[in-house]
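Structural overview for review
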Amino acid sequence: MAQKLIYGLGGFVNNLLAAAIGGMTIVLNLGLGMNPALVGLLGALPRLTDALTDPIMGYLSDHTKSRWGRRRPYIFFGAIAAGIVFMLLWQLPVGKSETYYFWFFLIGSLIFYLAYTVFATPWVALGYELTPDYHERTRLMGVQNFMGQMAYLVSPWFLWIMQYDLLFDDIMIGAKWLAIAIGIFTICIGILPAIFLKERFKNVPANQITAQRNNIEKNIPIQEEPPASLKDFFNGFGATLKFAPFLKLCAATFLVFNGFMLVSSFQFYVIIYYVFAGDQSLGAEYAGWVGTLSAISTFCVIFIITRLSTRIGKRRAFFVSTGISVFGYCLKWFCYSPEHPLLLLIPAPFIAFGLGGLFTLMGAMIADVCDMDELQTGQRREGMFGSIYWWVVKLGMAAAIATGGFLLNATGFDVALGGEQAASTLIWMRFFDIVIPVIASLVAIWAIASYPITEEKAHQVRMALEANRGIPG
């Protein structure tokens, strides 16, 4: 449990940095008067570099050989670098032009995300290799997801802290000191996984691993691992994208997560303009309670799905968690009622099963994929698998957020009409809010139905790997 908690602390730091860099940028508009469009660009442009830096960092982590291991040096120095750069990023000088602030923050953000990637990508990969046990992997990811979710209980208070006039004279001073606190916390806590966790594969001796193709009975020797090169990087990148079990996990995550994200804003519009007839204040209050209930429910879901997975397996647990979320989405049609507004709290705990189960199970399933990949290729590539998986998540999230605005326009919504929206507009808003995530979730269940790594198969793969390596684990 101590190892799980220490790995989970890395998840808290990982989510805290992501939530902080996203949630604090509002002060560029509120405190410096920067154009909101430019603030949006500052949030989007640096993330485009992840498409390049994430896989490269994953590859470097997979191919690093040192006395401290493949992952731990990057986690240690990445946490320190990310913490320092985050602190410096918010020490904005006063009295400068909007153009100055834009380029200052853009360049600083690019450096921050690079340091963040150096920490986060090897940390993700380390979790895939910490244990060879099929069920222990789920428990590990459950603890990590549970602790990581705590960052989203803290981050909504960042704006309140920055503008709290009893502590700070203005919001920019609040941002400077909050960034210092977050940076110091990142350094002190982020290095703990590097110090206290042990890698199972410090240096992977490819010449001592026998690749098996077609089935686990036929052994095919492989050659000494070639030196790291650009060609080898692209070969590994392509091989990862061609690995069918991994693609199924990516597809399911893309569908469940981004089906939710695509209509995430619709929920607020439905609550405000359908349930409360355009009353933004009352609608926002109830939407806040829904969000709080969802966050609390997610903690419970992680525990439930972790236990359930050890009893019925990861694939079936995914069917259950995603199926319950589909039921929750359908409840919206009946519970989002102008006559009984309190009913809108009912779907939230059921919907929480979707993302709560998703990110608990997917990490454990990718760890199983890494074992099967080693059996076929003779290489340990947790870094590449982890970086591509989260790259798909971030790419899809960006696309979902961009597409959501077009969907809202398609309903005929007009903010100038306030609570007098057309009846057809309200129907289409409710329709998209429910049907899109339901269809996406059902397709995800279909994709995982053919996922081949069951508990029995994972055990066979582990036994074969141990026989090939000549050592247990």
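Residues numbered from 1 in each chain as written. Predicted model: local features only at pLDDT ≥ 70, side-chain atom pairs only at ≥ 80, totals over all residues. Heavy atoms only, no water.

**Description of the confidence of the model for the protein**
- Per-residue confidence for the protein averages 85 on the pLDDT scale, and 92% of its residues sit at or above 70.
- The lowest-confidence element of the protein is strand β1 (residues 211-212), averaging 41 in pLDDT; the highest-confidence one is helix α5 (residues 72-89), averaging 96. (pLDDT = per-residue confidence, 0-100. Helix = DSSP H or I, 4+ residues; strand = E, 2+ residues; numbered from the N terminus.)

**A short note on the packing of aromatic side chains**
- Per the counting criterion, the structure on display carries 26 aromatic pairs.
- Between Y100 and Y101, the ring centres sit 6.0 Å apart and the planes meet at 80°, which makes this aromatic pair edge-to-face.
- Summarising the aromatic geometry, the rings of F146 and F299 are spaced 4.8 Å apart at their centres and angled 65° between planes, so their arrangement reads as edge-to-face. Linking F146 in helix α7 (residues 134-149) with F299 in helix α15 (residues 280-312), this pair joins segments that are 153 residues apart in sequence.
- Looking at F146, the relative accessible area reads 32%, which means it is partly exposed.
- Joined through ring pairs, the aromatic side chains of F86, W90, F105, F112, Y113 and Y116 make up one cluster.
- The ring of Y100 carries K96 above its face, with NZ or CZ at 5.4 Å from the centroid. (Phe/Tyr/Trp six-rings, centres within 6.5 Å; stacked < 30°, edge-to-face > 60°. Buried < 20%, exposed > 50% of the residue type's maximum accessible area, 1.4 Å probe, protein only. Lys NZ or Arg CZ within 6 Å of the ring centre and 35° of its normal.)

**Notes on the state of the cysteines**
- Evaluation of the coordinates by the stated rule reveals 0 disulfides.
- Just so you know, C300 is unpaired, no disulfide at all, and the nearest cysteine sulfur is the one on C335, 19 Å from it. (Disulfide = S-S within 2.5 Å.)

**Brief notes about the nonpolar core**
- M24, F86, W90, F112, I182, F246 and F318 are the most contacted members of the largest nonpolar core, which has 119 residues in total.
- In terms of residue count, helix α17 (residues 347-377) provides more of this core than any other element does, 15 residues in total.
- M24 has contacts with F86, W90, F158, M162, A175, L178, A179 and I182, leaving out every residue within four places of it along the chain.
- V326, I351, I434 and V438 belong to the second largest nonpolar core, which has 5 residues in total. (Core = buried A, V, L, I, M, F, W, Y, C linked by side-chain atoms within 4.5 Å. Contact = heavy atoms within 4.5 Å.)

**Digging into the side chain of H135**
- Among the structural elements, H135 can be located in helix α7.
- The exposure class assigned to H135 is buried, which follows from its relative accessible area of 13%.
- In terms of polar contacts, H135 uses its side chain to reach the side chain of E455, at 3.0 Å.
- Residue contacts for H135: discarding those within four places in its chain leaves S309, T310 and E455. (Polar contact = N/O pair within 3.5 Å; in protein donor to acceptor, adjacent residues only side chain to side chain.)

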